[in-house]
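Take a look at the letters that make up each chain.
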Amino acid sequence: MDTITCLRRTPLFYVLLLLVFVGGCAPLFQPESELSPIPSETQQPAALPATWTPQTIITTTPTSIAQFFPDELMLAYILDDTIHLWKDGEVVELHTQERISNPNISYNGTWVSFYHYEQTEYPRVEIWVIGNDGHNLHRLLSKEDITALSEDDSRLMIRDYDWIPTTHQMLFTTLKAIEGPPGVSPLFDLYLLDITGEHIQLAAPGGGGDYYPSPDGRYVATSTTRRINLIDLETGENQTLFEFDPLQIPTEAWRTPELYWDRASQHFTATIPPPDIYYNPEWPGGYSGGLEQIWRMHITGEIELLAEVDPAVGSPTVVSISPYAEYYFSIETGVCGDGAFFITHLRALPDGKELLTLPCSSEFPDWLPDGKSYLYRSEGNWLLGDAVE
């Protein structure tokens, strides 16, 4: 199995540009300064250099992409059952094992975690970790550990996992195999997993969900199809900040709001689609309905409505928020030449000031992890834009 590690919910094109902006992990509810020493775990999460200047155009020929790599970039991938780590311009082979996937680098680049697939009645993966020097290989979560999380049988499986910034810990959620389509059902729970293999439940089913750790590693915001919660990893407090009606589109899948933290870990921003989106037969494949809302939620428990955006035919969502929630793209249906296209607007948060209009768009621009730069396609080329400029 050949795989490339990727940031959660990140389009594949720019994963290769910025993916694995080196992340981190730590034991139960302890800040990094209080952890028992682990070699090479002291460097801070990497960020784009302050002097990094975006270029104007990236063509589809990848000859110039390397100039955009920050010095701290690391890339993990699996080729021929071997985990490879690219760093400092060199590739190192870390570990060879059959049935492995999903390599994931900690925020400070010290560890590489991965899945190992175990052949059982139901699909089952274990979480393993290895140091970036190829040493300290050990299993963090076994199939027996996963089975023990379930009170009834062994149908429980890991749904997703990721590192927590500035710590030696990671988060994971589970789902359960069910009879009939879609075959699995998320439990919207949440667990904390330590680098030693110790794990605890942070949220029971329904009280967790898709998770978004704050940049400082203290808080975790979670979302389900009906609510948004905030968990304090120092105190263990889990409070519901926002409840909403679920999206009413007949489907076997589920949709949860994506959450975007600010740089100072004081608040996060969410887009909430209207529950009454409905199919418009006049536009094949299109949806129309209520307004999509942008909400900001503070760690103090305060919430505020920042904007409401009209729906656009042909798209079930009309808002794309930048990392750190300082800007957002919104789209509306328009006409370009002889066909229907989107008109894309770039606006600032929280005031909604319009910064740019792209009159003929076929898709959302892709935000880059610095929270200000973005990629968009024009006449066969990838253009690199900057919200500040």
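Here the residue numbering is sequential within each chain, running from 1 through the sequence in written order. Totals for whole chains, interfaces and linings use every residue, but because this is a predicted model, local features are given only for residues with pLDDT of at least 70 and side-chain atom pairs only at 80 or more, for both listing and counting. Water and hydrogen atoms play no part in the side-chain values, which are based on all heavy atoms of the structure.

**Points about the nonpolar core**
- Judged by nonpolar contacts, the single largest core of 27 residues is most densely connected at Ile 127, Ile 158, Leu 171 and Leu 190.
- Each helix is a run of H or I in the DSSP string that is no shorter than four residues. Each strand is a run of E no shorter than two, and both are numbered from the N terminus. Counting only elements with at least two residues in this core, the list comes to strand S7 (111–118), strand S8 (124–131), strand S9 (138–141), strand S10 (156–163), strand S11 (169–177), strand S13 (190–194) and strand S14 (199–203).
- Here, residues are in contact when the closest pair of their heavy atoms is within 4.5 Å. Setting aside residues no more than four positions away along its own chain, Leu 190 makes contact with Leu 171, Phe 172, Thr 173, Gln 201, Leu 202, Ala 203, Gly 208, Gly 209, Tyr 211, Val 220, Thr 222 and Ile 231.
- Here the nonpolar core consists of buried residues drawn from Ala, Val, Leu, Ile, Met, Phe, Trp, Tyr and Cys, with membership extended through side-chain atoms lying within 4.5 Å. Using a 1.4 Å probe on the protein chains alone, a residue whose accessible area is under 20% of its type maximum counts as buried, one over 50% counts as exposed, and one in between counts as partly exposed. The next biggest cluster of nonpolar side chains, apart from the first, holds 16 residues, and it includes Tyr 212, Tyr 219, Leu 241 and Ile 272.

**Digging into the sheet that holds strand S23 (residues 292–298)**
- Note on pairing: two strands pair once DSSP finds at least 2 bridges between them. On the basis of which strands lie adjacent, the open sheet formed by four strands has the order S19-S20-S23-S24 and antiparallel pairing. The open sheet has two edge strands, strand S19 (259–261) and strand S24 (303–309), and neither has a second partner. With strand direction ignored, the average angle separating the axes of adjacent strands in the sheet is 20°.
- Where strand S20 (residues 267–272) and S23 come together, six bridges link them in antiparallel fashion. When the sheet's bridge partners are listed, Thr 271 is paired in S23 with Ile 294. Comment: axis = line fitted to C-alpha atoms, over the contacting stretch for helices; angle = value between 0 and 180 degrees taken between N-to-C directions.

**Some details on the side chain of Asp 232**
- Within the element layout of this structure, Asp 232 appears in strand S17 (residues 227–232).
- Residue classification places Asp 232 among the buried positions, given a relative accessible area of 9%.
- For this analysis, a polar contact is any N or O atom pair within 3.5 Å, provided that within protein one partner can donate a hydrogen and the other can accept it, and provided that sequence-adjacent residues contribute only side-chain to side-chain pairs. Polar side-chain contacts of Asp 232 include one of 2.8 Å to the side chain of Arg 218.
- Aside from chain neighbours lying at most four places away, what touches Asp 232 is Arg 218, Tyr 219 and Glu 237.

**A short note on the environment of His 345**
- Note that His 345 resides in strand S27 (residues 339–348).
- His 345 gets classed as buried once you look at its relative accessible area, which sits at 10%.
- Counting along the chain gives twelve residues from His 345 to Thr 357, while the straight-line C-alpha distance between them is 4.6 Å.
- Excluding anything up to four places from it in sequence, His 345 contacts Tyr 328, Phe 329, Ser 330, Glu 332, Glu 354, Leu 356 and Thr 357.
- A polar atom in the side chain of His 345 sits 2.6 Å from the side chain of Glu 332.
- Within the structure, His 345 has its side chain in polar contact with the side chain of Glu 354 (distance 2.8 Å).

**A look at the pattern of salt bridges**
- Any Lys or Arg side-chain nitrogen found within 4 Å of a carboxyl oxygen on Asp or Glu counts as a salt bridge. Evaluated as defined, the whole model comprises ten salt bridges.
- Glu 144 is the salt-bridge partner of Lys 143, the closest N and O atoms lying 3.4 Å from each other.
- For Arg 159, the salt bridge is made with Asp 210, and the minimal N-O distance between the two is 2.9 Å. Taken together, the residues span a long stretch of sequence, with Arg 159 in strand S10 and Asp 210 in strand S15 (residues 210–213) at a distance of 51 residues.
- Note on Arg 159: relative accessible area 23%, which makes it partly exposed.
- Judged by its relative accessible area of 8%, Asp 210 is buried.

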